[in-house]
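So you can see what is in the structure, the chains are spelled out below.
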Amino acid sequence: MMQAASTIDISPTPFQSRVLSLPMEWDLLLDGGRGGGKTYAVILEVFRRAERWGAQSRTLITRRTQDALSELEHELLAIFRLRYGNGARHNANEHVFRLPNEAYVELRNLEAQRDLLPLQGKSFDCIVAEDVGR
């Protein structure tokens, strides 16, 4: 069962604070074992970009499987709703968030090469390959 949005702690750990202190223009690799806070650091970075750049913020987040992506999508929804209430629009069928400042976040699973076709011709200023594995 998912926590109610009002009880979500969005305070970054020291590791996540360090990630958020880096310039947004840098390409980052957050590597390491499970439980280090990498996914949440990514969520906070997406939130930071959306807040700073508004309509110019277009983020794509990928994971290998739809099940893994759904978990991340629920976490994003909880954080966006905590900050923006119902102003955070979420299209669950398209896996897209549109925030009140017109920032755009799209989530896609990429299990096979054919999964890239719907992305052809789209532009993103941030692409996150989350939990890519081997």
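Residues numbered from 1 in each chain as written. Predicted model: local features only at pLDDT ≥ 70, side-chain atom pairs only at ≥ 80, totals over all residues. Heavy atoms only, no water.

Caption draft 1: Local environment of unusual backbone geometry. For histidine 95, which is not a glycine, the phi torsion comes out positive at approximately 60°. Topologically, histidine 95 is positioned in the loop between β2 (89–91) and β3 (96–98). Even without being a glycine, glutamate 102 presents a positive backbone phi close to 75°. In this structure, glutamate 102 sits in the loop between β3 and β4 (104–109). Classification of glutamate 102 as partly exposed rests on a relative accessible area of 42%. (Helix = DSSP H or I, 4+ residues; strand = E, 2+ residues; numbered from the N terminus. Buried < 20%, exposed > 50% of the residue type's maximum accessible area, 1.4 Å probe, protein only.)

Caption draft 2: Highlighting the pairing of strand β1 (residues 58–63). Burial runs high along β1: five of the six residues are buried. In terms of strand pairing, β1 meets β4 through six bridges, oriented parallel. Bridged to leucine 60 within β4 is glutamate 106. (Pairing = 2+ DSSP bridges.)

Caption draft 3: Quick peek at the side chain of lysine 38. You can see lysine 38 is positioned in helix α2 (residues 38–53). Its relative accessible area of 17% is what places lysine 38 among the buried residues. Those residues within four positions of lysine 38 in sequence are excluded, and the remaining contacts are Phe15, Leu30, Asp31, Gly32 and Gly33. (Contact = heavy atoms within 4.5 Å.)

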